[in-house]
Amino acid sequence: MSGSAAPDTTRARLLAQAQGEREWDLAVIGGGSTGLGLALDAASRGFAVVLVEAEDFAQGTSSRATKLVHGGVRYLAQGNVALVREALRERTTLLANAPHLAQPLAFVMPGYRWWERGFYGIGLKMYDALAGARSLGDTEFLSSEETRQLLPTVRVRGLSGGVKYWDGQFDDARLAVTLARTAVAQGAVVLNHCPVTALRRERGKVTGVVARDRETGAELTIGAKCVVNATGVWVDDLRNMDRDKGAKKTPAIVAPSQGVHLVVDRAFLPGTHAMLIPKTEDGRVLFAVPWLGKTILGTTDTPREDIVREPAPFAEEVEFILREAGRYLDKAPQRGDVRSVWVGLRPLVRPGGDDGDNTKQLSREHTVLVGRSGMVTVTGGKWTTYRAMAEDVLERCFDSRLLPPKPKGVTASLPLLGASHGKGVSMTQAPGEHLYGSEAANLHKLPGATNWLWRDAESGQPALSEAMVRFAVRHEMARCVEDVLARRSRLLFLDAAEAARQAGSVAAILADELGSGFDAQASQRSFEALAKQYRTLP
Ligand SMILES: Cc1cc2nc3c(=O)[nH]c(=O)nc-3n(C[C@H](O)[C@H](O)[C@H](O)COP(=O)(O)OP(=O)(O)OC[C@H]3O[C@@H](n4cnc5c(N)ncnc54)[C@H](O)[C@@H]3O)c2cc1C
C-alpha cells in the first residue's frame, strides 16, 4: 500500500454503516493495540468487522508504553524463552510493516561492577542469538571509553565498560491510529468516542453490543456473530455486563500494575543510544530512551487496585526514577526538569484463584477466554506482540465455531498506511512530517502546511503544523484537542506546558474543521486541565 490515497474515515459514514441492520461477523470492543490489531487481521481476511472504542484509539494503556518494540530482555532473565522468541519475531514484522513509526534502536548497558559486563553481556548475546536471522545487530562488549562515546552523559566514575545490544522503538499512539485507518482501508468500520454500554444477549448468548455515540448521544445496536472484549484493564467491567440477572459478580482476571514515565530534555541523554540499567539499587529495571527529541525515563511496576482513566503517579515512583537516573547520568535530572509525566496501567493476568498483589509474579503473556455466552475476552501481552495476539484470538473464535475458519498470515506482510522504505529520520529526533511516511505528500495539500504552531526548542525542528491538525481531523479521526495533542501529535507526552500553550490554536483549527457542533472552549479547557496533571509531580 503506497498510502497515497487516504481511506474515507468520515465519522458520519462510519456511524451510518455501524447503525445499519446488517449482522457483522465480528464486533470488537476496545481500540487499543489488542482490539485494533484484531480488527485489522479479521478485516484483511475478509470478515465484516466493526470496532467501538469508548474514548479515543490508544487513550488507555496503548499510548503510555516505554515505546520499545522488543523481545523483552527481562523476560529472558525470567527464563521465558517462548515469550521472548515470539516477541522477537513480531519485532521484525512491525519494523518491516511500519518503518515510518517503528525503527531499530541501539541500547547500551553501562557496567560499574567487575562482573556486570560479562554477566549481562552473555545474557544479551543469548537474546541476540534467539533472534537468529532476525537479529538487528550484534551484541558487543564495550570498553569504558566506547561506552562513554555512545552515552556521552553517562556517569564516568567507576565505569568499567558496557554492553551494546539492539531492539526497536516506536510511536505507540500514532501506530494505533495507523492500525485503525489501515483496518478501515481493509473494509472495517472503526469508531472512537463510542462506549459499549450493554451487551446484546439472546437465550444466554451474546449476539452483539449496544454502544453510545458520545457526540450525539445516539444509541447504536450492533449485531454480530462473534463479540470480542479487548478492553485491556477494563475487561472485567465487560465480563460483568455478560451476566444473567441476579448472578453474582464475575471474579476479576486482571490485576493492574502501574508504570510511570518522566520526560526530560534530550540534553540529559544526547546521542542516539538508549541506556538500560538492568538492576537498580533496589533490583528494578530502568530505561533512559531518546524519543522524539526528548528523553524518556522509566518505568515502575506498582500494583494498583483502582482502575482510573488518568492515573496519577505515586511520589515514591517519581523519586525512584529521578534518584536512579541521577545515579547513572552526569547531571542528575531534578523535579523542575520534568517536562511531562504519564502513567499507564498494565493489564496483568491473575493466575487462577490467586489474588496476591505481587505483580512480578503475574503473567506477562496474553490470555484468551471464551465465556459460556460466547463472548471472547483477550487481555495481557504487550504492544510488540499485538499481531500474534490477533491471530491467536481468531484461532480461538474458529475453534469455538463463532466464526468460519479462514487462513492466517495476511498481516505478516501487510504494510500499514504510510509505510515507505525511503531514507527514514530516526525516531530519536524531534517529531515532524517524517512520521507520516508516504502520506507526507497529502499533508502538503492541506491549508497551513508551512504554518508551524510548534518547533522543538532544542533542535529547532518544525514539529506541529496547522496542516497536521487538519489532517488529524480529516484523516485520523481526531475529534477534540486532546485527540490531536496527546495521540496524533505527541506534544502532551513530550512537553505538557507547551501542549497547554498550543491548546487554543488547535481548538480554533478544530472548530474550523468540525463546524458549529464542536465546542472549542470546552475542548480547550478540558485539555488544559489534563495537561496540568501531566506536568504536576506528587
Ligand atoms: C508503563 C507501561 C509500559 C509499557 N511498555 C511497553 C513497551 O515498551 N513495549 C511493549 O511492547 N509493550 C509495552 N507495554 C504493554 C502495552 O502497552 C500493553 O500491553 C498494550 O498497550 C495493551 O493494549 P490493550 O489494547 O490490551 O489495552 P488498552 O490500550 O488499554 O485498550 C483498551 C481500550 O478499551 C477501551 N474500553 C474500555 N471500556 C470500553 C467500553 N465499555 N467500550 C468501548 N471501549 C472500551 C479503552 O478506552 C481502551 O482504549 C507497556 C505497558 C505499560 C503499562
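Here the structure is shown first, and the text comes after it.
Cut-offs applied
- Residues numbered from 1 in each chain as written.
- Predicted model: local features only at pLDDT ≥ 70, side-chain atom pairs only at ≥ 80, totals over all residues.
- Heavy atoms only, no water.
- Pairing = 2+ DSSP bridges.
- Helix = DSSP H or I, 4+ residues; strand = E, 2+ residues; numbered from the N terminus.
- Phe/Tyr/Trp six-rings, centres within 6.5 Å; stacked < 30°, edge-to-face > 60°.
- Buried < 20%, exposed > 50% of the residue type's maximum accessible area, 1.4 Å probe, protein only.
- Lys NZ or Arg CZ within 6 Å of the ring centre and 35° of its normal.
- Axes fitted to C-alpha atoms, helices over the stretch in contact; angles between N-to-C directions.
- Parallel < 35°, antiparallel > 145°, perpendicular 65-115°, else oblique.
- Left-handed = near helix turned anticlockwise from the far one by under 90°.
- Contact = heavy atoms within 4.5 Å.
- Nonpolar A, V, L, I, M, F, W, Y, C, P; charged D, E, K, R; others polar.

### So, the pairing of strand 8 (residues 196-202)
Pairing of strand 8 with strand 9 (residues 205-212), which is carried by six bridges, proceeds in the antiparallel orientation. Looking across to strand 9, one finds that Val196 is bridged to Ala211. As consecutive antiparallel partners, strand 8 and strand 9 are separated by two residues, and within that stretch Arg203 has a phi angle of approximately 45 degrees, a positive value.

### Things to note about the packing of aromatic side chains
Scanning the entire structure with this criterion turns up 13 aromatic pairs. Taking 5.9 Å as the distance between ring centres and 75 degrees as the angle between the ring planes, the aromatic pair formed by Phe107 and Phe287 counts as edge-to-face. Taken as a pair, Phe107 in strand 4 (residues 102-111) and Phe287 in strand 13 (residues 286-291) lie far apart in primary sequence, 180 residues in all. Since its relative accessible area comes to 10%, Phe287 is described here as buried. Between the aromatic rings of Trp115 and Phe119, the centroid separation amounts to 5.7 Å while the plane-to-plane angle is 75 degrees, which identifies the pairing as edge-to-face. A relative accessible area of 32% means that Trp115 is categorised as partly exposed. A network of ring pairs unites the aromatic residues Phe107, Tyr127, Tyr165 and Phe287 as a single cluster. Directly above the ring of Phe320 sits Arg284, whose terminal nitrogen or CZ lies 3.8 Å from the centroid.

### A look at the packing of helix 12 (residues 466-475) against helix 15 (residues 496-514)
As a packed pair, helix 12 and helix 15 sit with axes 10 Å apart at the nearest point and diverge in direction by 45 degrees. Classified by the interaxial angle, the pair formed by helix 12 and helix 15 is oblique. Between helix 12 and helix 15 lies a crossing whose hand is right-handed. Across from Glu466, Val469, Arg470, Val473 and Arg474 in helix 12, the residues of helix 15 making contact are Val506, Ile509, Leu510, Asp512, Glu513 and Leu514. Tallied by class, the residues present in the contact of helix 12 with helix 15 amount to six nonpolar, no polar and five charged.

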